[in-house]
Amino acid sequence: MLFLQSLQLVQFKNYSHQTFRFEGPVTAITGANGIGKTNVLDAIHYLCFTKSYFQSGDGMNVQHGMQGFRIEGQFTLAGEALPVSIVLRETGKKEVSCNGSLYEKFSHHIGRFPCVMIAPDDVELIIGGSEMRRSFLDTVLSQMDAVYLQQLISYNKILQQRNSFLKSCAQTQTRNNALLDVLDEQLIAAGTYIFTKRNDFLPGFNEQVLQFYSSIAGKAEPVAVTYESKLRETSLENLLQQCREKDYQLQRSTTGVHRDDLYFSMNDEPFKQTASQGQRKSLLFSLKLAEAEVLKQQKGFAPLLLLDDVFEKLDQERMHNLLNYVCSQFGGQVFLTDTHPERMKNAFADMQIPLQLIELG
Amino acid sequence: MQLHLLLQQRSNSAAVILILHPSYFRSMSFSSTLLEQAVNEFAKLPGIGKKTALRLVLHLIKQPAEETQFFADTLARMRKEIKFCTKCCNVSDTEVCNICSNIARKKQIVCVVENIRDVIAIESTQQFNGLYHVLGGVISPLDGIGPDQLTIEALLHRIKEDEVEELIFALNPNIQGDTTLFYISKKLKDQPIKITTIARGIAFGGELEYADELTLARSLQNRQPVASYVSMK
Ligand SMILES: Nc1ncnc2c1ncn2[C@@H]1O[C@H](COP(=O)(O)OP(=O)(O)O)[C@@H](O)[C@H]1O
Ligand SMILES: [Mg+2]
Ligand SMILES: [Zn+2]
C-alpha cells in the first residue's frame, strides 16, 4: 500500500513551518473556511505531480513576503521508505527529489506516487471547455504510462513549433512544404501514439464510470463516456493533408489530438444539457473514482485520494455511499476536508470506520 | 526555518553564504562607476550572474595591470580576426580551417553538428577521421530559426562539389534536432549518399556537449541508417 506518513511544509501558502503526521488510512482535516485545509491537500498533490492542482505558477504558492518553499513527504510503499521533496529555490528554480536523488526531468516522477484529487470546482470538467477533459484524460494516462507522458510532451513541443512556423510563413509571405512535411511526420508519430492510447483506454474506463455512477446514485442510469477524435475517422496524416491550406491561412494547427474531447451522455442525450446538479456531481465522482480504480488495477496498489469539501457536494445518501466505498472498500489512503468536525466524526461513527481527525485553527 | 538558512547549510564556503543572503543582491552598490560598468559587462555573459561577475572583476583588479591588458587584447583580436571556414562553416583562423585542410582526414565522410562545441566534443573522442559541417543551430521556428538561417545550402553545395559519400548526423537527440535531421535527409533523398545518425545512446532530450566521452565514442561507432530510426518517406 502507498502511504504518506508525514508532511512538512516550509513557507508554502499560509504555512510558514508545519508538520503533519498521518496515522490511519483515513485522515480528515477540519477547520473554518480559509484556515488552510485545501492547501494541505494541494501540498500532497505537489508531492505526487510536482505541481499545484490549482495554480500553474510555482511562485503563487510561496508564502506571501517570502522567497522559496519546501514540501517534504515521507511515503512508504510495500514496506520501503520513500521520502519525496519539492523545493522551490529563491531563484525560482524547482528541485524534485525522491529518496535523496534529484530528478533530471520532473516527468520521471509522474506515476510513481499516483494520486486523485476531487475539488469543488471540478464540476467544470463536465460543463466547461474541452481542455479540462483532455487534461483529465492526460492525467490518468500519464500516470499509467511514462511513454504516453513523453509523447504528450513531444506532441505539444512539435505543435508549438508547427504553429510558430505557420505564423512565420504568413509574416514572410513564403511557404516551405518540405519543412511542414517534416513537422507533420513528427506530429503524426507522437499524435498517433496518443490517439491509440486514448482510444484503447476509453471502453474499459467507460464501464468503470457506469458502475460507480450507479453505486453513488443508488440506481442504474445509462450514462456513457465516449472519446471524440477526428482520428477515429481517418489517419492524422490524412487530416493534416486535408487541413494544410486552412492551417496556412489561419496560421495555426486546426486538427490533431489537441482537439480531442470526451463526450458524456445519458439516455443518448448530451449530459451537459439534461443532467441535474446532483447528476453532474455523481458523474464527477464516478469519473474520478474510475480514475482511481484503473490506477489501482494498473499499479497493483491504490492511489492517494484527496477529497476536498466532500460534504458540500452530495446529498446525505449519495455521500454515505461514496464514503463507505472510498474509506472501507477502496483500500487506499484517503484525505478529506470539511468545515465541521462534528459532521465528520458522526458520519464515520455511523459507518464504524476509524478516522484520524486533524482540527486546524 | 527560512529558506535561505536551508541554502546556507548546503553550501560550504563562507563567501557563498554571505552572497546568498537575499538582502545582498538588493544592496549591491558600488563605490566606483568603473567597477560597476565592468561588473555589468561580465554579467551580460551567459551563465554569469552579478555575484560571479563581481568575483571575476575583483580578481582582475588583484592581478598585474599587464595581465588584464593581455586578456582584453586577446578577446578583442579574437573577435576582430575570427573567420568562418568556407567549407565547414566552423570558426577558423584561415579561409579553410585546419580540420578541412588536413589531408589525412577522409573528405568523403562529413559529420553534421549544431555548433563548434559539438566539434570539440567529438574531436576529443579521437574516433572520427572525417570532416565536419557546422549548421550554426537547428531548425526551430519558435526561436525564429528556419532552414535559411542555417548553413544547409552550403552543406548541399559541398556534398555535390566534394563528392561526399556519407553524412553522419550528430545532432542533439531532441525534437529540433530531429526536425533538422529529417529536413536535410529529405533534401538529399534523390542523391546516392549514405545518411546515418549517431546511435541514440544519449538520453532523449539530453545535450551532446554534456555527454561523457565513452557514450559519444560508442554512439559514433554504432551509427544507424536514418531510415531505421524513423521510417522516412
Ligand atoms: N501564497 C500564499 N501566502 C500566504 N497565504 C496564502 C497563500 N495562498 C493562499 N493563502 C491563504 O490560504 C488561505 C486559504 O487556504 P485554503 O486551504 O484554501 O483554506 P480552506 O481551509 O478554506 O480550504 C487563505 O487565507 C489565503 O490567504
Ligand atoms: Mg478549501
Ligand atoms: Zn573547415
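Predicted model, so just to flag it, every value in this text is computed and none were measured.

Novice: Sorry if this is basic, but what is going on with the overall build of chain A here?
Specialist: Helices and strands together make up the secondary structure of chain A, namely ten helices and 14 strands. Radius of gyration (C-alpha) of chain A: 22 Å, near the 21 Å computed for a compact globule of 361 residues. Residues counted as buried form 39% of the 361 residues belonging to chain A. In chain A, the proportion of contacts linking residues at least 24 apart, taken out of those at least 6 apart, comes to 72%.

Novice: Quick question: what am I supposed to make of the packing of helix H5 (residues 177-217) of chain A against helix H9 (residues 175-187) of chain B here?
Specialist: Axes are the key here: two packed helices are described by the angle between their axes and the distance separating the axes. Relative orientation of the contacting elements H5 of chain A and H9 of chain B amounts to 130°, with a least axis distance of 9 Å. The angle between H5 of chain A and H9 of chain B places the two elements in the oblique class. Classified by chirality, the crossing of H9 of chain B by H5 of chain A is right-handed. Across the interface between the two elements, Ala178, Leu179, Asp181, Val182, Leu183, Glu185 and Gln186 of chain A of H5 of chain A pack against Ile175, Asp178, Thr179, Phe182, Tyr183 and Lys186 of chain B of H9 of chain B. For the contact of H5 of chain A with H9 of chain B, the per-class residue count stands at seven nonpolar, two polar and four charged.

Novice: Could you clarify how one ought to interpret unusual backbone geometry in this entry?
Specialist: A negative phi holds for most residues other than glycine; trans holds for most peptide bonds. The residue Thr50 of chain A is not glycine, and still its phi comes out positive at about 60°. When the 20 C-beta atoms within 10 Å are taken as the criterion, Thr50 of chain A is described as buried.

Novice: Is there a simple way to think about the site of ligand 1 in this case?
Specialist: Near ligand 1, the surroundings consist of 14 residues, among which Lys13, Asn14, Lys37, Thr38 and Asn39 of chain A are the closest. Split by residue class, the shell around ligand 1 holds two nonpolar, ten polar and two charged.

Here is what the cut-offs are and how they apply
- Residues numbered from 1 in each chain as written.
- Chains lettered and ligands numbered in written order.
- Predicted model: local features only at pLDDT ≥ 70, side-chain atom pairs only at ≥ 80, totals over all residues.
- Helix = DSSP H or I, 4+ residues; strand = E, 2+ residues; numbered from the N terminus.
- Rg over C-alpha atoms; globule rule 2.2 N^0.38 Å.
- Buried ≥ 20, exposed ≤ 12 C-beta atoms within 10 Å, placed from the backbone.
- Contact = placed C-beta atoms within 7 Å.
- Axes fitted to C-alpha atoms, helices over the stretch in contact; angles between N-to-C directions.
- Parallel < 35°, antiparallel > 145°, perpendicular 65-115°, else oblique.
- Left-handed = near helix turned anticlockwise from the far one by under 90°.
- Nonpolar A, V, L, I, M, F, W, Y, C, P; charged D, E, K, R; others polar.
- Near = placed C-beta within 6 Å.

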